[in-house]
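# Fold and geometry: a report
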Amino acid sequence: MASKRFILKRLLLLVPVLFGVATFVFVILHLASGDPARVILGQRAPQSQVVQLRQELGLNDPLYVQYGRFLVDAVQFDFGQSYQIAQGDTVRSVLADKIPVTLELALYGQVIGILLGIPLGVISAVKQDTLTDHVGRVGALSGISIPIYWSGPMLILLFSTTLSIFPASGRLGSTIFLDNSWQLFGMQLPLTGMVTIDTLLLGQFDAWVSAVTHLFLPAVTIGIYSMALISRMMRSSMLEVVRQDYMRTARAKGQGSKITVMKHGFRNALIPVITVIGIQFGGLLGGAVLTETVFGIGGIGTMLVSAINANDYPLVQGTVLTFALLFTLVNLVVDITYSYLDPRIQQ
Amino acid sequence: MSTDTATDATSLEDRTALDRLRSSQFLSDLLSNRLALIGLTIIVGMILIAIYARLAYDLGALRSSQLGTVADRLPPGWTGAGAVDQHIFGTDASGRDIYKRTLYGAWIAMKYGTVTVAASTFIGVALGIIAAYYSDLTDNVIMRTMDVLLSFPSLLLALALVAIFGSGLWKVVIALTLVYTPRFARVVRGAALKVLEDEYIEATEALGANDLRVLAKHVFPNTLAPVTVQSTLNYGLAIIDFAALSFLGFGAGPGMPSWGLMLDNGVSNGLLTGKWWMSVFPGLFLAILVLGFNLLGDGMRDALDPRMRETVD
């Protein structure tokens, strides 16, 4: 069992890292060129207004005061209001809108990657050094060599432009509208923001079909990459496990065929693969930025790109900090899971 | 006394000789790996293409737009549908020849990719060795900073840095260098710590070697192997991320024949209308080059860890 001490230690180690991350994000605003007040008011605004706004935003305070204020706000997840992209909205509400969109994409992509990657890796390992294995390895290596912003367009060319099977962009058909909330036993409940779930909650089956067909190509785009990584890790982990002493014992005890032996090792071989899946999830969030751009999905990625272009610093800060937080937490969960599966790690 | 020193020195020499032997073994293992050789061939081929394009084509001409001419988005000559045969890969929305631009893209990818990998390797190695060799404080300051940088998904960190520096090819290089440096620092620190545990380092220090000498002559050479693998694998990543930032609009300036920007053009100006050649060719070259680095990097790792190739009966 993972001891409480181990988890506590990992949590404590997280504090300085998150502190560093917050500091880095604070620095973004202050190193970036351009006066935030000028960004908000536009180039033509009179200087007097800019000066006044600088005062209101607290930009004239000493740096350490601003830093302290930023940390206090950041802990409460308050990044103020968006300057440009969603003028007037708080960064928190913008993020709450956009995160489910990106998360949905990344999750489906990850699921596709796991469902295909693990069997492929196992087959490759079982058939080591056969033609199947070689094809599988080169295929997986190609999978990680092809950038998402190329595999995505190629899928669109094939399945949308040429075959017209799947839509090329967006999240739902243009004629479909969803209500803002759904009812359960007469209670109004908020939606999740993930279209494949919301359409079901609302009972709009046509819309659900539309959501799934829209999500298919982007999810496959991410899935191909994820599958390639997972199958590579699965293969080498499987081969590593087979060499262990306890596997030799299993063979000595008469566990004859290679496949039986592999079954023995599968559970253990899965441990490092779980780590890869976890670590890679952060990469998938990055991949989602590119996928959203290719498929015209209005998630956190496309928003971040517009926010950077528009010098919308609070939005950039909020997004970057949120991503880092998500990434760090996923890694923490992975570490703890790992220590459950393999107690040696705790030493 | 002096004889003792001499013996010690000989044993030190033996050790480096051993290392050299090990590395020649490494080389022959690598060369017997067919996939690694294919990777190497791809890379060399792409370098030749890059140099050829750099010498044969004028960047200004490749960038200049001929909007409004008949050459607008012509399909590749060999498909028979195009009016002009000399455009083997067709033309883009500004009437520019995609073949020449794609070849020139190899130069851009290699040039900026090389600088990025070289810079992050150099800084990462230096930081990693210093962190391993010096006190807890130095070690902690360096490695915790690296931890912070590693807390961001890499593309996101690159975007955040671009938000600070602004866009442009060299600024993207700086951003990506900062993104990759921590990985090298980690790998090198690990390898260096292992070497530093060895008794011969203590012996060298006892013989009066100064810090710099120990680090440069004994610690650094022992980190070379993992660093080379990491650099090779990172090369592919650097080329992908570099093009990604151009694809998102932060790297290459208007008209630059960078693969990322060409793909961006292909996606926005040709995807839905079926002008496939605009996005197929630059992406294909990009993917092949990255595959080359990954094949070579994988082969190197296998050659370093021969256990991975043992057959299981």
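In what follows, the accompanying structure is described. Note that the structure is a prediction, hence the values are computed from the model and not measured. (Residues numbered from 1 in each chain as written. Chains lettered and ligands numbered in written order. Predicted model: local features only at pLDDT ≥ 70, side-chain atom pairs only at ≥ 80, totals over all residues.)

## Remarks on the environment of B:Ser258
Inspection of the secondary structure puts B:Ser258 in the loop between α9 (211-247) and α10 (259-270). In contact with B:Ser258, other than residues within four places in its own chain, are B:Gly105, B:Ile108, B:Ala243, B:Ser246, B:Gly251 and B:Ala252. (Helix = DSSP H or I, 4+ residues; strand = E, 2+ residues; numbered from the N terminus. Contact = placed C-beta atoms within 7 Å.)

## Overview of the nonpolar core
Counting residues in each nonpolar core, the largest one holds 165 residues, and the members touching the most others are B:Ala109, B:Ala158, B:Val162 and B:Ile239. The element that contributes the greatest number of residues to this core is helix α9 (residues 205-242) of chain A, accounting for 20 residues. With residues near it in sequence (within four places) discarded, B:Ala109 still touches B:Ile239, B:Phe242, B:Ala243, B:Trp259, B:Leu286 and B:Leu289. (Core = buried A, V, L, I, M, F, W, Y, C linked by C-beta atoms within 7 Å. Buried ≥ 20, exposed ≤ 12 C-beta atoms within 10 Å, placed from the backbone.)

## So, the interface of chain B and chain A
With 40 residues of chain B at the interface, the matching set in chain A holds 45 residues. Of all elements in the fold, only α5 (136-150), α6 (154-165), α9, α10 and α11 (277-304) of chain B reach the threshold of two or more residues within the side of chain B that touches chain A. Looking at the side of chain B that touches chain A residue by residue, the class counts come to 27 nonpolar, 10 polar and 3 charged. (Nonpolar A, V, L, I, M, F, W, Y, C, P; charged D, E, K, R; others polar.)

## Quick look at α9(B)
Relative to the 54 Å expected for 37 residues at 1.5 Å per residue, α9(B) spans just 45 Å between its end C-alpha atoms, considerably shorter than the ideal helical length. Phi turns positive one or two residues past the end of α9(B), at B:Gly249, with a value near 100°. (Expected span 1.5 Å × (residues − 1).)

## Here we look at the packing of α6(B) against helix α7 (residues 169-197) of chain B
Residues and elements named next belong to chain B. Packing of α6 against α7 leaves a shortest axis separation of 9 Å and a crossing angle of 135°. Taken together, the axis directions place α6 and α7 in an arrangement best described as oblique. Note on packing geometry: the crossing formed by α6 with α7 is right-handed. Within the contact between the two elements, α6 uses Ser-154, Leu-157, Ala-158, Leu-161, Val-162 and Phe-165 and α7 uses Lys-171, Val-172, Ile-174, Ala-175, Leu-176, Leu-178 and Val-179. Grouping the amino acids of the contact of α6 with α7 by side-chain chemistry returns 11 nonpolar, 1 polar and 1 charged. (Axes fitted to C-alpha atoms, helices over the stretch in contact; angles between N-to-C directions. Parallel < 35°, antiparallel > 145°, perpendicular 65-115°, else oblique. Left-handed = near helix turned anticlockwise from the far one by under 90°.)

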